[in-house]
Amino acid sequence: MKQLSPEEISLVERTKQGDVDSFERLIQPYQKKAYNIAYRMLGNVEDASDATQEALIKIYKSIGNFQGNSKFSTWLYAIVTNTCIDFIRKNRRAKIIYLDREKENEEGTYQMEIADDINTPEEILEKKETRFMIHDAINQLNHEHREIIVLRDIQGFTYQEIADILKCSEGTVKSRISRARGNLRQLLGERMKA
């Protein structure tokens with residue numbers, strides 16, 4: 001387990017022996033990013049929450065398979081990503097997220113905020129339309145392209161991290177990113193003409 005810190009090694013070993021508290025401590029630093037990946041891939045709070053919970057259960061049940069050949073976070077994010085892909089396959093209906101819709105969490109309701117230097121009504125409308133267009137276009141990509149756009153352009157993973165998560169070569173990652181961005185550009189171009 002060369003890629004893990006001594007504390008992570010200890011937590012993994014105790015989790016393998018069934019210690020739930022150790023598991024909770026082990027996954028705690030990664031839960032927010034795991035949820036964000038699910039949210040970006042699935043497009044709504046409920047599905048993201050369900051997929052994250054399902055992924056965490058899978059992680060707990062399969063911790064015995066974790067050999068420590070990669071970072072624990074990479075292994076965890078791979079399971080989250082694969083769980084989201086399975087979720088998309090099961091629920092073929094495209095779900096669209098609108099950034100201006102109110103969201104709920106434990107602390108109450110909130111709205112996504114995007115910095116706005118100039119607040120003319122025309123610019124506000126244009127920004128809303130642009131956000132909608134981008135989210136709609138991302139939701140229309142096939143799951144492989146949506147996944148790669150989310151991991152690289154939204155979550156900011158490096159090519160190597162994505163390769164580890166998706167269990168493919170860095171060259172494959174770069175190729176998929178190029179194709180996904182090309183498809184996204186094409187979708188956005190078609191919408192701009194319409």
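One can find the structure itself at the top, above this paragraph.
Residues numbered from 1 in each chain as written. Predicted model: local features only at pLDDT ≥ 70, side-chain atom pairs only at ≥ 80, totals over all residues. Heavy atoms only, no water.

**Focus: the packing of aromatic side chains**
Consideration 1: According to the stated counting rule, one finds eight aromatic pairs in the structure shown.
Consideration 2: A centroid spacing of 5.0 Å and a plane angle of 65° characterise the contact between phenylalanine 23 and tyrosine 60, whose relative ring orientation is edge-to-face. Of this pair, phenylalanine 23 sits in helix H2 (residues 20-27) while tyrosine 60 sits in helix H4 (residues 45-61), and the two are 37 residues apart along the sequence.
Consideration 3: In this structure phenylalanine 23 comes out as buried when scored by relative accessible area, which is 7%.
Consideration 4: Measuring from ring centre to ring centre gives 5.0 Å for phenylalanine 66 and tryptophan 75, while their planes differ by 50°; the resulting arrangement is tilted. No difference in accessibility class separates phenylalanine 66 from tryptophan 75, as the two residues are buried.
Consideration 5: Cluster of aromatic residues (ring-pair linked, three or more members): Tyr30, Phe66, Phe72, Trp75, Tyr77 and Phe157.
Consideration 6: Directly above the aromatic system of tyrosine 159 lies the positively charged group of arginine 152, at a separation of 4.4 Å from the ring centroid. (Phe/Tyr/Trp six-rings, centres within 6.5 Å; stacked < 30°, edge-to-face > 60°. Helix = DSSP H or I, 4+ residues; strand = E, 2+ residues; numbered from the N terminus. Buried < 20%, exposed > 50% of the residue type's maximum accessible area, 1.4 Å probe, protein only. Lys NZ or Arg CZ within 6 Å of the ring centre and 35° of its normal.)

**So, the environment of glycine 171**
Consideration 1: Along the chain, glycine 171 turns up in helix H9 (residues 170-193).
Consideration 2: When the C-alpha atoms of glycine 171 and glutamine 160 are compared, they prove to be 9.5 Å apart, with 11 residues separating the residues in sequence.

**Comments concerning the packing of H4 against helix H5 (residues 72-90)**
Consideration 1: Relative to each other, H4 and H5 sit at 130°, their axes nearing to 9 Å. When the axis of H4 is compared with that of H5, the two are oblique. You can see that H4 and H5 cross each other, and the crossing is right-handed. Contacts between H4 and H5 involve Asp47, Ala51, Glu54, Ala55, Lys58 and Ile59 from the former and Phe72, Trp75, Leu76, Ile79, Val80, Thr83, Cys84, Asp86, Phe87 and Lys90 from the latter. (Axes fitted to C-alpha atoms, helices over the stretch in contact; angles between N-to-C directions. Parallel < 35°, antiparallel > 145°, perpendicular 65-115°, else oblique. Left-handed = near helix turned anticlockwise from the far one by under 90°. Contact = heavy atoms within 4.5 Å.)

**Brief notes about H4**
Consideration 1: The end-to-end C-alpha distance of H4 is 24 Å, a good match for the 24 Å that 17 residues give at a rise of 1.5 Å each.
Consideration 2: Burial in H4 covers these residues: Val45, Asp47, Ala48, Ala51, Thr52, Ala55, Leu56 and Ile59. The buried side chains of H4 occupy one side of the element, clustering within an arc of 165° when seen end-on. Away from the buried face of H4 by more than 90 degrees, exposed residues Glu46 and Lys61 are located.
Consideration 3: Its side-chain oxygen at 3.1 Å from the backbone nitrogen of glutamate 46, asparagine 44 defines the N-terminal cap of H4. (Expected span 1.5 Å × (residues − 1). Arc of directions from axis to C-beta. Polar contact = N/O pair within 3.5 Å; in protein donor to acceptor, adjacent residues only side chain to side chain.)

**Focus on the environment of tyrosine 30**
Consideration 1: Mapped onto the elements, tyrosine 30 comes out in the loop between H2 and helix H3 (31-42).
Consideration 2: When its relative accessible area of 15% is taken as the criterion, tyrosine 30 is described as buried.
Consideration 3: With 42 residues separating them in the primary sequence, tyrosine 30 and phenylalanine 72 have C-alpha atoms 9.5 Å apart.
Consideration 4: Those residues within four positions of tyrosine 30 in sequence are excluded, and the remaining contacts are Glu8, Phe72, Ser73, Leu76 and Tyr77.

**What about the packing of H3 against helix H7 (residues 143-154)?**
Consideration 1: At their nearest, the axes of H3 and H7 sit 9 Å apart, and the two run at 135° to each other. Viewed along their axes, H3 and H7 adopt a mutual orientation that is oblique. As for the relative orientation of H3 and H7, their crossing is right-handed in sense. Taken together, the residues of H7 that come into contact with H3 (itself represented by Ile37, Arg40 and Met41) are Arg146, Glu147, Val150, Leu151 and Ile154.
Consideration 2: Partitioning the contact of H3 with H7 into residue classes produces five nonpolar, no polar and three charged. (Nonpolar A, V, L, I, M, F, W, Y, C, P; charged D, E, K, R; others polar.)

**With respect to the pattern of salt bridges**
Consideration 1: In total, this model carries six salt bridges according to the counting rule given.
Consideration 2: Linking lysine 58 and glutamate 54 is a salt bridge whose minimum nitrogen-to-oxygen distance equals 3.6 Å. With lysine 58 and glutamate 54 both in helix H4 and four residues apart, this pair spans about one turn of that helix.
Consideration 3: We classify lysine 58 as partly exposed; its relative accessible area is 29%.
Consideration 4: On the accessibility criterion, glutamate 54 (29% relative accessible area) is partly exposed.
Consideration 5: Notably, a salt bridge pairs aspartate 86 with lysine 58, separated by 3.8 Å at the nearest N-O pair. Highlighted residues: aspartate 86 in helix H5 and lysine 58 in helix H4, separated in sequence by 28 residues.
Consideration 6: A residue is classified by how much of its surface remains accessible, and aspartate 86, at 30% relative accessible area, is partly exposed.
Consideration 7: Put simply, Glu54, Lys58 and Asp86 are held in one network by salt bridges that share partners. (Salt bridge = Lys/Arg side-chain N within 4 Å of Asp/Glu carboxyl O.)

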